[in-house]
Amino acid sequence: MSDNGNHTFEPEITAFMCIYCADMSADTAGALHVQYPANVKLVKMPCTGKTDVKYILDAFEHGADGVYVVGCPIGNCHHVRGNERARKRIERAKKLLDEIGIGGQRLDIFFVSGGMGETFARCAHEMTERIRALGPNPLRAKERD
Ligand code: FES
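Residues numbered from 1 in each chain as written. Predicted model: local features only at pLDDT ≥ 70, side-chain atom pairs only at ≥ 80, totals over all residues. Heavy atoms only, no water.

**Student:** Could you give an account of unusual backbone geometry, naming the residues involved and the relevant values?
**Tutor:** Phi angles above zero are rare outside glycine, and His-33 is one such case at about 60 degrees. The phi angle at Val-80 is positive, at roughly 70 degrees, despite the residue not being glycine. Structurally, Val-80 is set in the loop between β3 (66-71) and α3 (82-99). (Helix = DSSP H or I, 4+ residues; strand = E, 2+ residues; numbered from the N terminus.)

Quick look at the structure:
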C-alpha cells in the first residue's frame, strides 16, 4: 500500500536491461520461480551503454512512473565499459530529472550477474516499492488534473 495517500496507485515501471547478464538473471529468476512485480516492463538492449538519456526521458514522457537499468557487473560488461558509461549517464539523468521536477529518485541502475535471479527480482521489488511510495510520475499526475 502506498504511503502517499493514493491507495489505488500501481506504478508503471520501465526496466532497460542488457541481453547478457541482466537478461540471464531474469531467466534465472524464472527458472527458480522467483516472483517479481508485474508492474515492470522489460526492454532489452544490446548493452546498458546503449541506454541513451533520451530513452529514459521518453519513457517518463510516455507515462512511466519509474525507470531503471540493469546491466552486467562492473568489469564484466560484454562491451567492455558500456555499464560504466551507463552508470555515469544515469547520474547525469538523475540530476536532470531533479531539475525538471520529475525527481531523480525515480531512476536507478543495478548490476547483476547471470546467476543472480533473486537479485534481479529484488531490484524489481525495490523499485516498485520506492515508486509506489513516491506516487505517480508528476507528468501523469498533471494529465489527470
Ligand atoms: Fe551487459 Fe554491457 S553487455 S552491461
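**Student:** Provide a residue-level description of the pairing of β3, including the pertinent values.
**Tutor:** In regular strands, side chains alternate between the two faces of the sheet. Counting buried positions along β3 yields six of six residues, so the element is predominantly enclosed. Of the two faces of β3, the one lined by Gly-66, Tyr-68 and Val-70 and the one lined by Val-67, Val-69 and Gly-71 are each fully buried. The pairing of strand β1 (residues 13-18) with β3 spans five bridges and is classified as parallel. By the bridge assignment for β3, Thr-14 is matched with Val-67. Pairing of β3 with strand β4 (residues 107-111), which is carried by five bridges, proceeds in the parallel orientation. The residue of β4 that forms the bridge with Tyr-68 is Asp-108. Considered for its hand, the β-α-β crossover made up of β3, α3 and β4 is right-handed. (Buried < 20%, exposed > 50% of the residue type's maximum accessible area, 1.4 Å probe, protein only. Pairing = 2+ DSSP bridges. Right-handed = clockwise from strand over helix to strand, strands pointing away.)

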